[in-house]
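The residues making up each chain are set out below.
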Amino acid sequence: MVLVGKIIVFWLFLAIMPFLCGTLFTKYMKKDTGEIFLNWISGFIGMMALAQILIVPAIFLRISFRAVCILFYAVVALCALSGILFGWRRIVQMAASCAKQIKKTPLIVWAAFLLVFMQALVYVFYTHEDADDSFYVATSVTTIETDTIFQINPYTGRAFSGLPTRYVLSPFSVFQAILSRCVMLHPTIAAHTALPAVLICFAYAVYALAGKKLFDGSREKAGWLVFLAGVFLIWSGYTTSTQGSMTLLRIWQGKGFLAAALLPMAVYLFLRFLKDEEAKGDYVLLFCLMLASCLASSMGIMLGAILLGCGGLVLAIFRKSFRFLIGMFLCALPNIVFAFVYILIR
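Procedures and definitions
- Residues numbered from 1 in each chain as written.
- Predicted model: local features only at pLDDT ≥ 70, side-chain atom pairs only at ≥ 80, totals over all residues.
- Heavy atoms only, no water.
- Phe/Tyr/Trp six-rings, centres within 6.5 Å; stacked < 30°, edge-to-face > 60°.
- Helix = DSSP H or I, 4+ residues; strand = E, 2+ residues; numbered from the N terminus.
- Buried < 20%, exposed > 50% of the residue type's maximum accessible area, 1.4 Å probe, protein only.
- Lys NZ or Arg CZ within 6 Å of the ring centre and 35° of its normal.
- Core = buried A, V, L, I, M, F, W, Y, C linked by side-chain atoms within 4.5 Å.
- Contact = heavy atoms within 4.5 Å.
- Polar contact = N/O pair within 3.5 Å; in protein donor to acceptor, adjacent residues only side chain to side chain.

### Thoughts on the packing of aromatic side chains
Summed over the entire model, instances satisfying the criterion amount to 19 aromatic pairs. Summarising the aromatic geometry, the rings of Phe 44 and Phe 257 are spaced 6.4 Å apart at their centres and angled 70° between planes, so their arrangement reads as edge-to-face. Within this pair, whereas Phe 44 is found in helix 2 (residues 36-61), its partner Phe 257 is found in helix 10 (residues 254-274), the two being separated by 213 residues in sequence. By the burial criterion, Phe 44 is buried, and Phe 257 matches it. Among the aromatic side chains, those forming a connected cluster through ring pairs are Trp 40, Phe 44, Phe 72, Tyr 73, Phe 172, Phe 175, Phe 202 and Phe 257. The side chain of Arg 323 reaches across the aromatic face of Phe 324, ending 4.4 Å from its centre.

### Remarks on the nonpolar core
Of all hydrophobic cores here, the largest spans 109 residues; its most connected members are Phe 202, Phe 257 and Met 265. Counting residues per element, this core draws most heavily on helix 7 (residues 187-214), at 17 residues. Those residues in contact with Phe 257 that sit more than four places away from it in its chain are Phe 44, Met 48, Phe 172, Leu 199, Phe 202, Ile 251 and Leu 262.

### Some words on the side chain of Ser 180
Inspection of the secondary structure puts Ser 180 in helix 6 (residues 172-182). By relative accessible area, which is 0% here, Ser 180 ends up buried. In terms of polar contacts, Ser 180 uses its side chain to reach the backbone carbonyl oxygen of Ala 177, at 3.0 Å.

Function cannot be read off these values alone, since they describe shape.
Quick look at the structure:
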């Protein structure tokens, strides 16, 4: 019962805190500012960006894991409090709007919710064992047990002779350790049971936002998109590298979350730009999304920059303005910086 309680508190933490922090982003967006999904997603991305900013310098400066945790919790709590103080009216409006829309929810939307819920339950009650557990999960455990960050080799328990260059700039396992440490939940349980249920909801929430944007706000058509995406993902597990495999089997790994949710989130933001809805909040969120992509996987460093470059070029052509190329370049600065650092430490 104690374990169940910790998992529930873990879920509540990742439901409430990102939502409150997200109001700081949506406050500066033109449309969809009353969208609960966008508010929660924005806050979660902001938390990942904060983790990247704190963890990477801590690795090179050999700052203790406990110090990073304290600073992370303090900043998140401050942002959540600020979200309440400056966005309480928006929070009330979102709650009222959600209550009204429940009665008018199309049947296909309920079917999509049920499908996502069932897929999340599979993560909760079943476990997919992967060879990458030997490093990713072991890194989270080693980080907590030794109070160090990438100083002890999780394979051998001995000190690293040199920094593992593939992982130090994308410390998603350390981010998982921070989240699990918050409620004293073992990182293995957090990685395989508690966190995947949250991440899969994140991924489908991104699909829902993109669907509404594609179909001019139609909830029914967005529901169909989410439902069909869920069905297709179930039947796409014929290799370990498909979107379905990354989403339904390995989303708790940074590279899985990158493919399943973070890169699609960038596509959603591009749709906002195409529909002339960009504002300061969109660019700040895209900048934080690039930081989150770098945190998730080393592939996110390059793929994020490539995606912004392609998206900026398309936006410049369709909107006939080169300011989008400048905006995408500024948002890609985290990718450029971490790519340069990777070359230096390689």
